[in-house]
Amino acid sequence: MSYPVSGRQREPHTPGEVKGLHGHDSDVDTTSANLEYLSASVSPGIAVQADHGLLCQSDGIVGPLADLFEQAREQDLPPARSTLPPDPSAPFFGNSQLQRRVDHGHDDVQKPPYTIANTAGRGHCQRRRPKSTDAIHTNSLIEHDTHNLYGTMMSTATHNAMLARSPGQRTLVITRSTFAGAGTRVGKWLGDNFSQWDHLQQSLSGILGMAGVYHVPMVGADICGYAENMTEALMVGAFYPFMGNHNADMSISQEFHRWPTAHVDGTPVLNPPWYKFPQDANTFRMDTQFFYSDSILVSPVLEENATSVDAYYPDKVFYDFHDLVRRYVKGGGVVHLSDVNFTSIPVAVKGGAVLPLRQKSAMTTTELRKNNFELVVAPALDGTASGSLYLDDSVSITPKTKRSMSFAFKNKKLTVKGTFGHPTGVDVAHVRFAGVNSAPHTVKVHGKAVGKAAFAYDSEKGVVDVTLKTPFNKGFSVEYQ
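To start, this report covers the structure provided alongside it. (Residues numbered from 1 in each chain as written. Predicted model: local features only at pLDDT ≥ 70, side-chain atom pairs only at ≥ 80, totals over all residues. Heavy atoms only, no water.)

A few points about the overall build of the chain
Here comes step 1: Looking only at helices and strands, one finds seven helices and 27 strands in the chain.
Here comes step 2: Counting only residues that meet the buried cut, the chain has 38% of its 481 residues in that class.
Here comes step 3: By element, 52% of the accessible surface of the chain is carried by carbon and sulfur atoms, the whole surface being about 27,300 Å². (Helix = DSSP H or I, 4+ residues; strand = E, 2+ residues; numbered from the N terminus. Buried < 20%, exposed > 50% of the residue type's maximum accessible area, 1.4 Å probe, protein only. Areas by Shrake-Rupley, 256 points an atom, 1.4 Å probe, with all protein chains shown as cover.)

Here it is, written out as structure tokens:
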């Protein structure tokens, strides 16, 4: 069974000659040819520098600069326009018309009851919330209600440009400034975090909020941290929907190869435990565990040099993702997971799931799609399980071919059905049944018994492993008695 490798400890190393694409235009053609796709990363914002802050601190008092445009004049910004400016009364988005929805006539929008605590100290200057939140735009909307529209307009324009460049193909645009609805067009990363353990923990809360509450499903944080030198491989990011290793150019290199060791209907990929167990009050304050999709519970180690973690398991049967050993805490409770090495993340499968997994991992998604499948059946307490799989060319907005399959397990029989319009060119190599109490004497594939050499039973783990190599182009069944 393959899964993303994680790590939590490594020694510092000397920066090497291999860096990312930032500032290396000569690398772009080679990268495009080898990896096939490039993504656009948009970072809207106004820079705050040590000597040119929008808000500077003097003798403990924070206040606005006398001239907000001083830095722009010194750097001769913005550059001259190549086209005429738009009509000031033009709507923001096409022919849409934004209208005032809230009357702020009696509100102090400079000090709202939900002020964002976004002060970040930087020497003698600090970043604070905008001072002109009561500024009125041409269309009568105020800055308080439209501030993050700037970032969403930039990323939306980038999305539209990429669509025009490659008509009919899906785009991948990552931004860190979002407004309501941005998730329909773009993904998000949380911004420049630090290589610190508390930032790792905070990133989980941020990602769960964006993916589950604000419906930006393609979201992630800078794995291992952006700022400062990293000495810990903070790799919970193996489960981020957007997985990016991004660090500052003054930090040591942290590319993976240097180590010694979205969806059809918009349903969130990552979910806090209370999304799946809303009746369990113990899950309400949990923000260090999460469900990947519907049935994979991730319980990362979040303390430096630790080799154990206390994980809460709700009132369901769970199976260890790595060895499929069954674990059930009646009524729900905390399980102490020990001997967690530095290249593992504790992961469990909720009972009642059939997981379609690739038999082995690969360096790119293009290569991954050439690998065979294996199906993992993890029954619930009543002995049933189900799952589904959707596949298409993974590039086109409207694919010409696609397949949608369902998996159902009942009475010790797995049945695979569906439509198989999109060719995969791969097989189902294995089916693994978890939670089996005794060795089966018969295994049938397509209703026909197979030889003893085609299946094996692990009595210690309670797992039956059936070898198939069945072409994944039609339905089939596997059962044991």
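From this point on, the discussion continues.
With respect to the sheet that holds strand β14 (residues 326-328)
Pairing between the strands of a sheet is mediated by backbone hydrogen bonds and can be parallel or antiparallel.
Here comes step 1: Read across the sheet, six strands follow the order β9-β10-β11-β16-β13-β14 without closing on themselves; strand pairing throughout is antiparallel. Because the sheet does not close on itself, it has two edges, and the strands there are β9 (270-271) and β14.
Here comes step 2: Relative to strand β16 (residues 347-350), strand β13 (residues 317-320) runs antiparallel, the two being bridged by three bridges. For D320, the partnering residue across the bridge sits in β16 and is A348. (Pairing = 2+ DSSP bridges.)

Let's talk about a negative patch on the surface
Here comes step 1: Residues D103, D107, D108 and D134 make up a contiguous surface patch of negative charge.
Here comes step 2: Tracing the sequence through the fold places D108 in the loop between α2 (70-74) and β4 (120-122).
Here comes step 3: Classification of D108 by relative accessible area gives partly exposed; the value is 46%. (Patch = residues over 30% accessible without salt bridge, like charges linked within 9 Å, V, L, I, M, F, W, Y side chains within 5 Å. Salt bridge = Lys/Arg side-chain N within 4 Å of Asp/Glu carboxyl O. Lys, Arg positive; Asp, Glu negative; His and termini not counted. Charge placed at Lys NZ, Arg CZ, Asp CG, Glu CD.)

Section: the nonpolar core
Generally speaking, soluble globular proteins have nonpolar side chains that are buried together.
Here comes step 1: By size, the foremost hydrophobic cluster in this structure holds 34 residues, and its most contacted members are Y240, L270, F290, F321 and L355.
Here comes step 2: Looking at this core element by element, the count peaks at seven residues for helix α5 (residues 197-213).
Here comes step 3: Apart from residues no more than four positions distant in its own chain, Y240 is found in contact with L200, S203, L204, I207, V219, G220, A221 and I223.
Here comes step 4: Counting 27 residues, the second-largest nonpolar core is a separate cluster that includes A385, V426, V436 and Y480. (Core = buried A, V, L, I, M, F, W, Y, C linked by side-chain atoms within 4.5 Å. Contact = heavy atoms within 4.5 Å.)

Structural notes on the side chain of S299
Here comes step 1: Tracing the chain through its elements places S299 in the loop between β11 (296-298) and β12 (309-313).
Here comes step 2: Only 2.8 Å separates the side chain of S299 from the side chain of Q289, close enough to count as a polar contact.
Here comes step 3: Residues contacting S299, with those up to four places away along its chain left out, are Q289, V309, A311 and P346. (Polar contact = N/O pair within 3.5 Å; in protein donor to acceptor, adjacent residues only side chain to side chain.)

Regarding the packing of aromatic side chains
Here comes step 1: Applying the stated criterion across every chain, the model contains six aromatic pairs.
Here comes step 2: For the pair F277 and F291, a centre-to-centre distance of 6.0 Å together with 35° between the ring planes defines the contact as tilted. Remark: F291 occurs in strand β10 (residues 290-292) and F277 occurs in the loop between α6 (273-276) and β10; sequence separation between them is 14 residues. Across the pair, F291 and F277 agree in class, each one buried.
Here comes step 3: Among the aromatic residues, those joined into a ring-pair cluster are F409, F433 and Y480.
Here comes step 4: Above the ring of F472, the side-chain terminus of R403 is found at 5.5 Å from the ring centroid. (Phe/Tyr/Trp six-rings, centres within 6.5 Å; stacked < 30°, edge-to-face > 60°. Lys NZ or Arg CZ within 6 Å of the ring centre and 35° of its normal.)

Side note on the pairing of strand β20 (residues 402-410)
Two faces make up the sheet, and in a regular strand the side chains alternate between them.
Here comes step 1: Burial along β20 is one-sided: the face carrying R403, M405, F407 and F409 is buried and the face carrying K402, S404, S406, A408 and K410 is not.
Here comes step 2: Where strand β19 (residues 385-392) and β20 come together, eight bridges link them in antiparallel fashion. Paired with G387 across the two strands is F407, which belongs to β20.
Here comes step 3: Relative to strand β21 (residues 413-420), β20 runs antiparallel, the two being bridged by eight bridges. Bridging across to β21, S404 finds its partner in T419.

Observations regarding the side chain of D320
Here comes step 1: By the secondary structure assignment, D320 is in strand β13.
Here comes step 2: No salt bridge is formed by the buried D320; the nearest opposite charge belongs to R327, separated by 4.8 Å.
Here comes step 3: Of note is the side chain of D320, whose polar atom sits 3.1 Å from the backbone nitrogen of D323.
Here comes step 4: What D320 contacts, discounting residues up to four positions off in sequence, is V325 and V347.

Observations regarding helix α4 (residues 149-165)
Here comes step 1: End to end, α4 covers 24 Å across 17 residues, agreeing with the expected 24 Å (1.5 Å per residue, within 8%).
Here comes step 2: Among all positions in α4, only L149, G151, T152, S155, T156 and H159 are buried. Projection of α4 onto a plane perpendicular to its axis shows the buried side chains occupying an angular sector of 155°, all on one side. Residues of α4 that are exposed and angled more than 90 degrees away from the buried face: A164 and R165. (Expected span 1.5 Å × (residues − 1). Arc of directions from axis to C-beta.)

Considering the pattern of salt bridges
Here comes step 1: One pass over the full model with this rule turns up five salt bridges.
Here comes step 2: We note a salt bridge from K276 to D294, for which the minimum N-O separation is 3.1 Å. Taken together, the residues span a long stretch of sequence, with K276 in helix α6 and D294 in the loop between β10 and β11 at a distance of 18 residues.
Here comes step 3: For K276, a relative accessible area of 25% translates into the label partly exposed.
Here comes step 4: Exposure remark for D294: the relative accessible area of 39% places this residue in the partly exposed category.
Here comes step 5: K370 is paired through a salt bridge with E367; the nearest N and O atoms lie 3.1 Å apart.
Here comes step 6: Given a relative accessible area of 53%, K370 falls into the exposed group.

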